[in-house]
Amino acid sequence: MAADAQMLQKYSLFGGLMEEQIESIMPLMQQEQYGPDEFIITEGKPNDKIYFLIEGQIAVTKKDTLLSRFGEGEAFGEMEVLDVMPAVASIKSLSNVMLMSISNKALREIYKLDVKIFSLIIMNLARDLSRRLRKADEKLASPVLL
């Protein structure tokens, strides 16, 4: 299944963007596929792409500890793109996975093409990161039963 602008519109990364706006940046995105049990991002290595899942599931691990699982519509890899540091966790496919990715270079091109589209994507990334941080805070604040 190939991704199209109408399909991408339903994902949080593209919230607030019109179909025509997504179509204008689609040439800057790449579609990628992985089989089960393949590393997409490796902890400690550079990553210069934001990924979002079109289909399949991935696992987020740190030092072989499962942190989370992501499914369709969720984005990852944004931390390394935003703070330009090595990956803090590994991302591994749990099934056949189809992704779309936006490289750091492509983000700069989107900025040059249309600052409004760029701003909405960055705002959507910030919202997604905020939701994840809120979940992590709630998990940390949960009482531990002995």
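Look a little higher up for the structure.
Rules and cut-offs
Residues numbered from 1 in each chain as written. Predicted model: local features only at pLDDT ≥ 70, side-chain atom pairs only at ≥ 80, totals over all residues. Heavy atoms only, no water. Buried < 20%, exposed > 50% of the residue type's maximum accessible area, 1.4 Å probe, protein only. Helix = DSSP H or I, 4+ residues; strand = E, 2+ residues; numbered from the N terminus. Arc of directions from axis to C-beta. Core = buried A, V, L, I, M, F, W, Y, C linked by side-chain atoms within 4.5 Å. Contact = heavy atoms within 4.5 Å. Pairing = 2+ DSSP bridges. Axes fitted to C-alpha atoms, helices over the stretch in contact; angles between N-to-C directions. Salt bridge = Lys/Arg side-chain N within 4 Å of Asp/Glu carboxyl O.

Novice: What is the right way to look at helix α4 (residues 104-113) in this model?
Specialist: Since one α-helical turn is 3.6 residues long, residues separated by three or four positions face the same way. Every buried residue of α4 is listed here: Ala106, Leu107 and Ile110. Along the long axis of α4, the arc covered by the buried residues comes to 105 degrees, so they all point the same way. Exposed residues on α4 whose side chains face more than 90 degrees from its buried face are Lys105 and Lys112.

Novice: In this structure, what is going on with the nonpolar core? I would like to understand it.
Specialist: Here is a general trend for soluble globular proteins: nonpolar side chains tend to be buried in one another's company. Residues Leu8, Phe14, Met29, Phe52, Ile54, Ile102 and Ile121 are the most contacted members of the largest nonpolar core, which totals 26 residues. Not counting residues within four places of it along the chain, the set of residues in contact with Phe52 comprises Leu8, Tyr11, Leu13, Phe14, Met29, Glu74, Ala75, Met98, Leu99, Met100 and Ile102. Counting 14 residues, the second-largest nonpolar core is a separate cluster that includes Ile41, Ile58, Val60 and Leu99.

Novice: What exactly am I supposed to notice about the sheet that holds strand β8 (residues 97-103) here?
Specialist: Neighbouring strands of a sheet are bound in pairs by backbone hydrogen bonds; such pairs are parallel or else antiparallel. Taken together, the four strands give an open sheet; going across it, the order is β1-β8-β3-β6, and neighbouring strands pair in antiparallel fashion. The sheet terminates laterally at β1 (30-34) and β6 (75-76), the two strands that pair on one side only. Note: strand β3 (residues 49-55) against β8, six bridges, orientation antiparallel. If you follow Lys49 over to β8, its bridge partner there is Ser103. On the sheet, α4 packs against β3 and β8 and is oriented at approximately 60 degrees with respect to β8.

Novice: Got a minute to help me understand the pattern of salt bridges in this structure?
Specialist: Pairing of side chains with opposite charge becomes possible as their charged atoms draw close. By the definition in use, this model includes seven salt bridges. Put simply, Glu32 and Lys49 hold a salt bridge, and the shortest N to O gap is 2.9 Å. Of the two residues, Glu32 is situated in strand β1 and Lys49 in strand β3; the sequence distance between them amounts to 17 residues. You'll find Glu32 and Lys49 in the same group, each marked buried. The closest approach of N and O atoms between Glu43 and Lys62, which form a salt bridge, is 3.5 Å. One end of the pair, Glu43, is in the loop between β2 (39-41) and β3; the other, Lys62, is in strand β4 (residues 58-62), with 19 residues separating them in the sequence.

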